[in-house]
Each structure stands twice: as C-alpha cells, then as structure tokens.
Amino acid sequence: MKIKNVVLEHVVGVTTKELPGTASPEIAFAGRSNVGKSSLINALIQRKSFARTSSSPGKTQTMNFYKVNDAVYFVDLPGYGYADVGTDFRKSWGPMIERYLNGSDNLKTIFLLLDARRTPNTDDLQMYEWITAAGFEPVIVVTKTDKLKRSQIPKALKEIRNTLGITGEARLYTFSAISKAGRDEIMEEIDEITGQGGREDDKD
Ligand code: GTP
Ligand code: MG
C-alpha cells in the first residue's frame, strides 16, 4: 500500500469513550508503554512524527485512529505497564482495551509489540491472552532490534517465543524504527490482511 494520505480521525478515551464504529478495516498496535507503537505507526505511514512519540513512557493515553488512504485504520493503543500514569487512566485502561478487542466489528488484527531486549513479562502475557481470547491470532513485532547486535537477535526471538509459548508457525516480525528494517514486511502483512494488496509502486 502506497501511503497517500493519513488523517487522525478519532481519539477515544478523553472526551469520548464511545468506539467510533468505523466502516473500514482496523489494525491495532498494542504493547508495553515505550515499546515503540507510535514509532512503528510513523514508519508505516512514512511520517516522521505524525503519531506522537516520547522517550518518557505513557505518551499515548488515548486510542488514536489514524485513517490511511481513506481505506484502513491504524489504531495506536495506549501502552500498559507504566506505573506513573494517573490512577484514573490505569483503571480505565483495561476495560477500554477489552471493550475494543471484543466490540469492534472491523478490527482485523492486533499487532503485539515486544522489546527485543526484554523477556515478555506478565503484562505482555496478559495482553497476548486477551488477544487470543478475543479470537485473534496475534502478530508479534519485536521492536528496537537496532539495540542488539545482529548475532543476538535469534536468541532474543527464541526467548520471546518460549515465554509466550509459541510453537511452530507464528507471524513474527522484527523492526527497528532507526533503520526501518522490517517496515516493508510488516506493511505487506497489513496489505494482505486488509486486502490492500499490490506492490507499493503499483498504484498511485
Ligand atoms: P506509549 O505511547 O508511551 O505507550 O509508547 P510507544 O509504545 O508509543 O513508544 P514510542 O513510539 O513513543 O517510543 C518510545 C521511545 O522509544 C522513543 O524515544 C522512541 O524514539 C524510541 N524507539 C521506538 N522505536 C525504537 C527503535 O526501533 N529503536 C530505538 N533505538 N528506539 C526506538
Ligand atoms: Mg505511543
């Protein structure tokens, strides 16, 4: 999918808690705070800082629906596992995410982002379970691979698979927001999921 335009169309969580009920396929990005969700979205849409990112965790506290090419939504979910966000936010986070996972007719896939340098923790496992319990097959994106030596990556992937209990085939990608390695593969997966196929330079 060649990116032609992107609009932040819905923000859920502050002034409204209503899910927008969109008429297009939605792809959501979940993961621990600071894992790189907003950075991945920026790389996918080829904008430097359209989705706001921050080195301090807890940046995205709303569900942000970015509409891409009038055809697909990328949904930036607020991260979990950051202790320092307000109590109100912490309390509302779980119900908000579960409501979305179970209540959106157009949600096609949830990408679960995991930091290449960390063993998935109980929050990650819980998220993984929520995703599968809601009937989705999670797609894993291992982020920040630039922080590891190339030779360390297979071990990190193995650790992640083992901790999540993934055996056999799984849709698992690696990504670096610095080098953009992995970006095109992830975009191809999204194209397949949303039916927006064709090579990036096919259409304009
Ligand atoms: P929340 O909105 O708090 O949930 O965080 P997030 O998951 O959206 O993370 P965000 O994209 O804001 O990135 C957090 C920090 O990690 C920022 O300082 C990014 O620049 C940095 N970062 C994100 N992806 C990568 C990556 O692939 N490599 C490196 N080295 N840094 C990254
Ligand atoms: Mg964010």
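For the structure, see preceding data.
This write-up is about the structure you can find in this document. Positions within a chain are numbered from 1, following the residues in the order the chain's sequence is written. Note on labels: chains are lettered from A, ligands numbered from 1, in written order. Given that the model is predicted, a residue must reach a pLDDT of at least 70 before its local features are reported, and side-chain atom pairs must reach 80 or more before they are shown or counted; all residues, however, enter totals for whole chains, interfaces and linings. The side-chain numbers reported here are obtained from all heavy atoms of the structure, hydrogens and water having been left aside.

### Some remarks on the side chain of Ser 24
Point 1. In DSSP terms, a helix is any run of H or I states spanning at least four residues, a strand is any run of E spanning at least two, and both are numbered starting from the N terminus. Its location among the elements puts Ser 24 in the loop between strand 1 (6-12) and strand 2 (26-31).
Point 2. Owing to a relative accessible area of 9%, Ser 24 belongs among the buried residues under this scheme. When a residue's accessible area, from a 1.4 Å probe over protein chains only, is under 20% of the maximum for its type it is buried; when over 50% it is exposed; and in between it is partly exposed.

### Remarks on helix 5 (residues 183-194)
Each α-helix turn comprises 3.6 residues. Residues three or four places apart therefore point the same way.
Point 1. Between its first and last C-alpha, helix 5 extends 16 Å over 12 residues, near the 16 Å set by a 1.5 Å rise per residue.
Point 2. All of the buried residues in helix 5 are Arg 183, Ile 186, Met 187, Glu 189, Ile 190, Asp 191 and Thr 194.
Point 3. Once helix 5 finishes, Gly 195 follows within two positions and takes phi at roughly 75 degrees, a positive value. A helix is expected to reach a length of 1.5 Å times the quantity of its residues less one.

### Thoughts on helix 3 (residues 122-133)
Point 1. Relative to the 16 Å expected for 12 residues at 1.5 Å per residue, helix 3 spans 16 Å between its end C-alpha atoms, a close match to the ideal helical length.
Point 2. For helix 3, the complete set of buried residues consists of Asp 124, Met 127, Tyr 128, Trp 130 and Ile 131. Viewed along the axis of helix 3, the buried residues span an arc of 160 degrees, placing them on a single side of the element. Along helix 3, exposed side chains directed more than 90 degrees from the buried face belong to Thr 122 and Ala 133.
Point 3. What qualifies as a polar contact is a pair of N or O atoms within 3.5 Å, subject to a donor-acceptor requirement within protein and to the restriction that residues adjacent in sequence count only when both atoms come from side chains. The backbone nitrogen of Asp 123 lies 3.0 Å from a side-chain oxygen of the residue at the head of helix 3, namely Asn 121.
Point 4. Of the residues trailing helix 3, Gly 135 is marked for its positive phi of about 95 degrees. Note that the arc is computed from the directions linking the helix axis to the C-beta atoms.

### Examining the site of ligand 1
Point 1. When we say a residue is near a molecule or strand, we mean one of its heavy atoms is within 4 Å of it. Around ligand 1 sit 22 residues, and of these Lys 37, Ser 39, Gly 58, Asp 146 and Ala 177 come closest.
Point 2. The backbone of Gly 79 places a nitrogen or oxygen atom 3.3 Å from an oxygen atom of ligand 1.
Point 3. Here a nitrogen atom of ligand 1 and a side-chain polar atom of Asp 146 are 2.7 Å apart.
Point 4. Here ligand 1 has 650 Å² of accessible area as a free molecule, and 87% of this is covered by the chains. Residue-level accessible areas treat just the shown protein chains as cover; the underlying method is Shrake-Rupley with a 1.4 Å probe.

### Some remarks on the nonpolar core
Point 1. What is meant by a nonpolar core is a set of buried Ala, Val, Leu, Ile, Met, Phe, Trp, Tyr and Cys residues, joined one to another through side-chain atoms within 4.5 Å. Tyr 100, Leu 101, Leu 112, Met 127 and Ile 140 are the most contacted members of the largest nonpolar core, which has 34 residues in total.
Point 2. Residue assignment for this core shows that the elements contributing at least two residues are strand 2, strand 3 (63-68), strand 4 (72-76), helix 2 (87-103), strand 5 (107-115), helix 3, strand 6 (139-143) and helix 4 (153-164).
Point 3. With residues up to four places along the chain from it excluded, the contact list for Tyr 100 reads Leu 19, Glu 26, Ala 28, Met 63, Phe 65, Val 75, Leu 77 and Leu 107.
Point 4. Counting 26 residues, the second-largest nonpolar core is a separate cluster that includes Leu 44, Val 68, Ile 186 and Met 187. Only heavy atoms enter the contact rule, under which two residues are in contact if any of them lie within 4.5 Å.

### Here's the deal with unusual backbone geometry
Most peptide bonds adopt trans geometry, and most residues besides glycine take a negative phi value.
Point 1. Positive phi values are uncommon outside glycine, yet Asn 69 reaches one of about 50 degrees.
Point 2. On the secondary structure map, Asn 69 appears in the loop between strand 3 and strand 4.

### Brief notes about the sheet that holds strand 5
Point 1. Two strands are counted as paired when DSSP detects at least two bridges linking them. Taking strand neighbours across the sheet as the criterion, the seven strands line up as 1-3-4-2-5-6-7 in an open arrangement whose pairing is mixed. Only two strands of the sheet have a single neighbouring strand rather than two, namely strand 1 and strand 7 (172-174). Each neighbouring strand pair of the sheet contributes to a mean axis angle of 25 degrees, computed without reference to strand direction.
Point 2. Looking at chain direction, strand 3 and strand 4 are connected through five bridges and run antiparallel. Note on strand 4: the bridge partner recorded for Val 68 is Val 72.
Point 3. Fitted lines through C-alpha atoms serve as axes, helices being fitted only where they are in contact, and the angles separating the N-to-C directions of these axes extend from 0 to 180 degrees. Across the sheet, helix 1 (residues 37-45) lies against strand 1, strand 2, strand 3, strand 4, strand 5 and strand 6, angled at about 155 degrees from strand 4, the strand it touches most.
Point 4. Contacting strand 2, strand 4, strand 5, strand 6 and strand 7, helix 5 crosses the sheet at an angle of about 160 degrees to strand 5.

### Structural notes on the pattern of salt bridges
Point 1. Salt bridge criterion: a side-chain nitrogen from Lys or Arg within 4 Å of a carboxyl oxygen from Asp or Glu. Summed over all chains, the structure comprises six salt bridges.
Point 2. Between Arg 32 and Asp 124 there is a salt bridge, with the nearest N and O atoms lying 2.6 Å from each other. With Arg 32 in the loop between strand 2 and helix 1 and Asp 124 in helix 3, this residue pair connects regions lying 92 residues apart in the sequence. The pair formed by Arg 32 and Asp 124 is uniform in burial state, with each residue classed as buried.
Point 3. Residue Arg 171 pairs with Glu 189 through a salt bridge whose shortest N-O separation is 2.6 Å. Pair noted here: Arg 171 is in the loop between helix 4 and strand 7 and Glu 189 is in helix 5, with a separation of 18 residues, a long-range link.

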